[in-house]
Amino acid sequence: MDKHTPLSPEALYRSCDTDLLPFRTTETLEPFTGFFGQERALEAMEFGVGMQRPGYNLFVMGNPHTGRFSFAMVNLRNVAKKQHKPYDWCYLNNLSDSRYPQILKLPAGKAARFRRDLGRLFDDILNELPAAFESPAYQRLKARIERDFNRHYDDAVEVVEKRGREYSIAVYRDAGQIGFTPVANGQAMDEAQFSALPEEEREAFQRNIAELEDLLNDHLTELPKWRREAAEQLRTLEHDTARQAVSPLIQALKERYTNLSGVPAYLAAMERDLVKNGAELVADGAVEAKTDAARRAWLEENYGVNVLVDNDKTKGAPVVFEAHPSYDNLFGRIEYTSEMGAMVTNYQLIRSGALHRANGGYLVLEAEKLLEQPFVYGALKRALKAHEIRIENPVNEYTGLTTITLNPEPVPLDVKIVLIGGRDTYYLLQELDHDFEKMFRVVVDFDEDVKRSPHSIRQYARLMKTLASEENLAPLTREGVARLVEHSSRLAEDQELLSAHIGELVDLLCEADYRRKQNGDELINAIHVEHALAAKEKRTGRLAQKILDGILNETVLIDTDGEAVGKSNGLTVLQVGDVAFGTPARITATVHPGTRGIVDIEREVALGQPIHSKGVLILSGYLGHKYARDFPLTLSASIALEQSYGYIDGDSASLAEICTLISALTHIPIRQQYALTGSINQYGEVQAIGGVNEKIEGFFRLCQTRGLTGKQGVIIPRANVRNLMLKREVVDAVRDGQFRVLAVATVDECLEILTGKPAGRLKEDGHFTQRSMGAQIVKRLREIAKAKA
């Protein structure tokens, strides 16, 4: 009989006492507010949000499905709604150089009103300006300028005409040109009459005409000056007329916005530009089209407001989540239109990004998605360092291609960035980017689990009520809540903890509610939860069943009874996506004289990963320390995980490997009804491993299929007892004496269970007790050392 007592059924599964749940259904409970078990994260979030200094951006760190996103959004919104609205931001046309649009900052809600007021101003201008240029006063002054210019011209021509009459030469005007022709008997000569004149007369006429032309040129020398003076007078008239029309309209708007920085200066610049271009605006054909709609569009395009961010309806500070943080979506972009085959743009085609909308508040981004996008992370760092948002095209910078585009004035940036990502991402950025720690000084570390206590269980029940209400599910009975508490401990892999993975819990609640509807019940109870768990296991259990079938048909060799030398049943966990299941694996060892030491076959063929190889190397340290203190440890041994054709990692097989190695060394057989798992150190202490529940259940499933004998069982590290949350069928089999789970703290305890022989005690003289395994191991090691010598 073994002196080692198997674990009791109560140690294998910690039930939730329904007395801790003082209600019949969750309908009577108060809704849960806050975040379950995240006190540390809440404190960090409060600090990060309250610390209004550069560089105190936040990184919310944790695994998916723990509620980290909703945690961040809810906390930020609760704080943001108590804060002041940020400014509106607009782009205006730079009337001195349109390639450099100007930024305008206005109080929240003022931008849209300013745009509406400008629209009404444009309507008034289109009414008043044409009327001013059509008024009799303008037309009279314009006619006077034209008459003054014509009078100078006519006076010069009249002098020439008077001299021409003396020479019998007429002066005529044709299409703005002045010509000369001889006159006879009061009539202009035609070419035939002129040719019939004597040559002397013809030459005299030509000399006189030349003289008249010189005289005309002398008198018209001042013509360009007269024309310039007339044009200047007309321009002055047009400007004065336009000013009289638009200045009163703009002055009223100036007075309304006199206290807003930047608006009066822009209106003044607009007034100067309208005065300068007013006549062209109302002239037929001066604008691209002659219609009022085209003139209205021209005013909007040149003087309108491009409202980049309108915070009129924002409640407090903005909280913006950008699901697709591409460069354009984050920093904004400049759009183009096609005109006559050419791509053109203007300040009205500047579009905002998430940074603009979050300016003055909070911007939430997923770290992994941010890093996937080219150019974005570096540009975000530059924006945070410079405290400004620049709208650029990053492709041009890296390709060398340049296009004519706009260069908008940067927008001052005051935003707090909240990155949400996994721990690996955080530590990777911390290692590779030296700027990261300076820019994201606050880490909000999301807890994976919560201590299981009466208080936390009652809080958990309220959380169930809230989640069921949010998902429109039926209320739960207290037995249903108790079963969920137990499953949460299994997810946490600890009897003393509850899992904080809210996403998985919501999925389970929804599936349990589906089973409730199938059964026609009103409340979700423990049976529905059990059915949901069983159904999920069946849906995802194809690979586990295939491996079990391979063992049952002896394609994979695993014994569950009898004894064998140098063979043992190790336990492994296979992880495929989000599905993990346990399965036994045969471990074999051989020993012979030599000096190669312990050879890990998996490592030799590059299938063993570093942690597994480390576990094998520890075996030599343990053997030498315990059994070869006064002679050299010289042997050749090989260890293999049989019928394994993939990569192997982890040191949880080192307990099975040392026991198998000792069996091969001493030729003492190992009982095959046991499977074992655990890692060891060089002093023979058995250490905790992961996946203990899946490993036990994997071996139990095989034994159950072959037939339980009452002798089969699993050996685990004692440190893993608190991690046991086994399925009910395993617990029931242990209670009925059909299966055993034993916990050990040392290699010696495990050897005694596997072989039924005493491990032995090291006496004061340095020798092990007689007829013990320790004595046999020392004897065999000495024999191999002598054989080598």
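Anything mentioned here points back to the structure above.
**Section: the overall build of the chain**
And step 1. Of the regular secondary structure elements, the chain holds 29 helices and 30 strands.
And step 2. Its C-alpha atoms give the chain a radius of gyration of 47 Å, more than 25% over the compact-globule value 28 Å for 789 residues.
And step 3. The buried share among the 789 residues of the chain stands at 49%.
And step 4. Expressed as a percentage of contacts within the chain between residues at least 6 apart in sequence, the contacts between residues at least 24 apart total 77%.
And step 5. Summing over all exposed atoms, the chain offers an accessible surface of approximately 40,200 Å²; the carbon and sulfur share of this is 49%.
And step 6. Taking the 97 positively charged and 112 negatively charged side chains of the chain as two groups, their mean positions are separated by 8 Å.

**Quick look at the packing of helix H4 (residues 110-134) against helix H9 (residues 263-282)**
And step 1. Packing of H4 against H9 brings their axes to within 11 Å, and their N-to-C directions diverge by 35 degrees. Handedness of the H4/H9 crossing: right-handed. Residues Phe114, Leu118, Leu121, Phe122, Ile125, Leu129, Pro130 and Phe133 of H4 touch H9, and the partners they reach there are Val263, Tyr266, Leu267, Met270, Leu274, Gly278, Ala279, Leu281 and Val282.
And step 2. Taken together, the residues of the contact of H4 with H9 sort by class into 16 nonpolar, 1 polar and no charged.

**Re helix H14 (residues 376-386)**
Residues spaced three or four apart along an α-helix point in a common direction, a consequence of the helix completing one turn every 3.6 residues.
And step 1. Taken together, the buried positions of H14 are occupied by Val376, Tyr377, Ala379, Leu380, Lys381, Ala383 and Leu384.
And step 2. One or two steps after H14, the chain reaches His387, where phi turns positive at roughly 60 degrees.

**Overview of the pairing of strand S22 (residues 579-592)**
And step 1. Of all 14 residues that make up S22, 11 are buried, and the element is covered over most of its length.
And step 2. Of the strand pairs in this sheet, strand S21 (residues 567-576) and S22 are connected by 10 bridges, and their pairing is antiparallel. Considered in S22, the bridge of Leu571 is made with Pro584.
And step 3. Connecting S21 to the antiparallel partner S22 that follows it, the hairpin turn spans 2 residues, and Gly577 within it adopts a positive phi of roughly 65 degrees.
And step 4. Sheet analysis places S22 next to strand S24 (residues 636-641), joined by 6 bridges and oriented antiparallel. Within the sheet, the bridge partner assigned to Thr590 lies in S24 and is Ser638.

**Digging into a nonpolar patch on the surface**
And step 1. Nonpolar side chains collect at one region of the surface, where Leu543, Leu574 and Val576 lie side by side and expose about 200 Å² of accessible area between them.
And step 2. Here Leu543 shows up in helix H22 (residues 542-552).
And step 3. By relative accessible area, which is 30% here, Leu543 ends up partly exposed.

Here is what the cut-offs are and how they apply
- Residues numbered from 1 in each chain as written.
- Predicted model: local features only at pLDDT ≥ 70, side-chain atom pairs only at ≥ 80, totals over all residues.
- Heavy atoms only, no water.
- Helix = DSSP H or I, 4+ residues; strand = E, 2+ residues; numbered from the N terminus.
- Rg over C-alpha atoms; globule rule 2.2 N^0.38 Å.
- Buried < 20%, exposed > 50% of the residue type's maximum accessible area, 1.4 Å probe, protein only.
- Contact = heavy atoms within 4.5 Å.
- Areas by Shrake-Rupley, 256 points an atom, 1.4 Å probe, with all protein chains shown as cover.
- Lys, Arg positive; Asp, Glu negative; His and termini not counted.
- Charge placed at Lys NZ, Arg CZ, Asp CG, Glu CD.
- Axes fitted to C-alpha atoms, helices over the stretch in contact; angles between N-to-C directions.
- Left-handed = near helix turned anticlockwise from the far one by under 90°.
- Nonpolar A, V, L, I, M, F, W, Y, C, P; charged D, E, K, R; others polar.
- Pairing = 2+ DSSP bridges.
- Patch = residues over 30% accessible without salt bridge, like charges linked within 9 Å, V, L, I, M, F, W, Y side chains within 5 Å.
- Salt bridge = Lys/Arg side-chain N within 4 Å of Asp/Glu carboxyl O.

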